[in-house]
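For reference, the chains in residue letters:
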Amino acid sequence: MARRAGILYLTYIVLNIVASLLGHIGLSDAKTLQATIADDEAMFRLGLVAALGSGLLFVLTAWALYALLRPVDGTLALLFLVLNAVGVAVQCASYLPLLTALALGDGSTGMAGLDGLAALSVTTYQTAFVMAQLFFSAWLFPLGWLVLRSGFLPRFLGWLLILDGVGVLVWFLQVMLAPAHPEISYPAWAIGLVAELGLALWLVVKGAGPQPETPTTSLPNAAV
């Protein structure tokens, strides 16, 4: 199950990169994304499919991690599974305005409509995409805590995941409260890459180590 979770996590990360490279969906700036929608519809559609596929894989990753960590604490494992699923739902819903921008690029509305409404659609997408990060921040705290307590995964990964949760929360707050200062959130992206890629690679390469045995009290020998 550990290696299954790692493979799903790695595939999710790869599809996220594909979505960013092909369709400029994710961390791209609004002008680049709008230009891709208007000038390279095929690449944008491929990127959108990759982004939606990555959402599905992220839920499956959370399910695999839930199955792996449920014996540690079933309530916390269920909590991070629910938070992940809600975050994926919000993120996938954020892609809907991009379909509006795509429809405006068919030439039927004229350039004025494309420049105005499409730009508004892209801005709406970016805001909704960042809203999903609140849930993705929240899911990392119980996940990191369970990794810390597991006994079969390295504790430093648990601390990294909790730090990643703080970083994603900073990103969310920066966009919502200080949009003119994106440099505030730059460290969060680096921490997230190290934490989540590190967990995925560890699960694939190492799997889950043996759980520590619970010491038992030896009974005295019965008198003959």
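Located above this text is the structure these notes cover.
The structure contained in this document is the topic of the report that follows. Note that the structure is a prediction, hence the values are computed from the model and not measured.

## Here we look at empty space enclosed by the protein
Counting across every chain of the model gives one cavity of 30 Å³ or more. The volume enclosed by the largest cavity comes to roughly 60 Å³. Taken together, Y12, A51, S54, G55, F58, V88, Q91, C92, Y95 and F136 make up the lining of the largest cavity. For the lining of the largest cavity, the elements supplying multiple residues, two or more each, are α3 (41–69) and α4 (74–94). Per-class residue counts for the lining of the largest cavity are seven nonpolar, three polar and no charged.

## Considering the layout of surface pockets
Estimates place the volume of the largest pocket at around 770 Å³. As for the largest pocket, its lining consists of 30 residues, and the residues nearest its centre are Y12, N16, L27, W171 and E196. Those elements that provide at least two residues to the lining of the largest pocket are α1 (2–23), α3, α6 (110–150), α7 (155–177) and α8 (186–205). Split into classes, the residues belonging to the lining of the largest pocket amount to 20 nonpolar, eight polar and two charged.

## Details of the pattern of salt bridges
Working definition: two side chains of opposite charge can pair if their charged atoms are close together. Per the stated rule, a full pass over the model turns up two salt bridges. We note a salt bridge from R45 to E41, for which the minimum N-O separation is 2.8 Å. Here R45 and its partner E41 are both found in helix α3, four residues apart, which amounts to about one turn of the helix. Residue class for R45 comes out partly exposed when judged on its relative accessible area of 44%. One salt bridge in this structure joins R149 and D73, with 3.5 Å as the shortest N-O distance. Taken together, the residues R149 in helix α6 and D73 in the loop between α3 and α4 connect sequence positions 76 residues apart. Take R149: its relative accessible area is 43%, and that puts it in the partly exposed class. Overall, the relative accessible area of 22% leaves D73 in the partly exposed class.

## Quick word on the packing of aromatic side chains
For any pair of aromatic rings, the description rests on two quantities: the centre-to-centre distance and the angle between the ring planes. Using the criterion set out here, one finds twelve aromatic pairs in the structure. Between Y12 and F58 the ring centres are 4.1 Å apart and the planes differ by 5 degrees, which places this aromatic pair in the stacked class. In this pair, Y12 is assigned in helix α1 and F58 in helix α3, connecting sequence segments 46 residues apart. F58 carries the same exposure label as Y12, and that label is buried. Between F58 and F136 the ring centres are 5.4 Å apart and the planes differ by 55 degrees, which places this aromatic pair in the tilted class.

## Describing the nonpolar core
By size, the foremost hydrophobic cluster in this structure holds 36 residues, and its most contacted members are Y9, L65, L69, F80, W139, L143 and L203. Contributing elements (two or more residues each) for this core: α1, α3, α4, α6, α7 and α8. If one sorts the elements of this core by residue count, α3 sits on top with eight residues. Other than its neighbours up to four places away in sequence, F80 contacts A62, L65, Y66, L69, W139, P142, L143 and L146. If you look at the next biggest cluster of nonpolar residues, it comprises 18 residues, including I25, L33, I37 and A101.

## Regarding a nonpolar patch on the surface
Taken together, the side chains of M131, L134, L169, L173, M176 and L177 define a hydrophobic patch exposed on the protein surface, amounting to about 510 Å² of accessible area. When contributions to the nonpolar patch are tallied by element, the ones reaching two or more residues are α6 and α7. Per-element accounting of the nonpolar patch gives the leading share, four residues, to α7. Within the secondary structure, L173 sits in helix α7.

## Overview of α1
The terminal C-alpha atoms of α1 lie 31 Å apart, and with 22 residues this matches the ideal 32 Å at 1.5 Å per residue to within 8%. Taken as a whole, α1 has its buried residues at A2, A5, G6, L8, Y9, Y12, I13, A19 and G23. Where α1 ends, the next residue or the one after it, H24, has phi of about 55 degrees, a positive value.

The rules behind each value
- Residues numbered from 1 in each chain as written.
- Predicted model: local features only at pLDDT ≥ 70, side-chain atom pairs only at ≥ 80, totals over all residues.
- Heavy atoms only, no water.
- 1 Å grid on protein atoms, 1.4 Å probe; cavity = no way out; pocket = protein on both sides within 12 Å on 5 of 7 lines; lining within 4 Å.
- Points joined across faces, edges and corners; volume = space filled by probe spheres on them.
- Helix = DSSP H or I, 4+ residues; strand = E, 2+ residues; numbered from the N terminus.
- Nonpolar A, V, L, I, M, F, W, Y, C, P; charged D, E, K, R; others polar.
- Salt bridge = Lys/Arg side-chain N within 4 Å of Asp/Glu carboxyl O.
- Buried < 20%, exposed > 50% of the residue type's maximum accessible area, 1.4 Å probe, protein only.
- Phe/Tyr/Trp six-rings, centres within 6.5 Å; stacked < 30°, edge-to-face > 60°.
- Core = buried A, V, L, I, M, F, W, Y, C linked by side-chain atoms within 4.5 Å.
- Contact = heavy atoms within 4.5 Å.
- Patch = residues over 30% accessible without salt bridge, like charges linked within 9 Å, V, L, I, M, F, W, Y side chains within 5 Å.
- Areas by Shrake-Rupley, 256 points an atom, 1.4 Å probe, with all protein chains shown as cover.
- Expected span 1.5 Å × (residues − 1).

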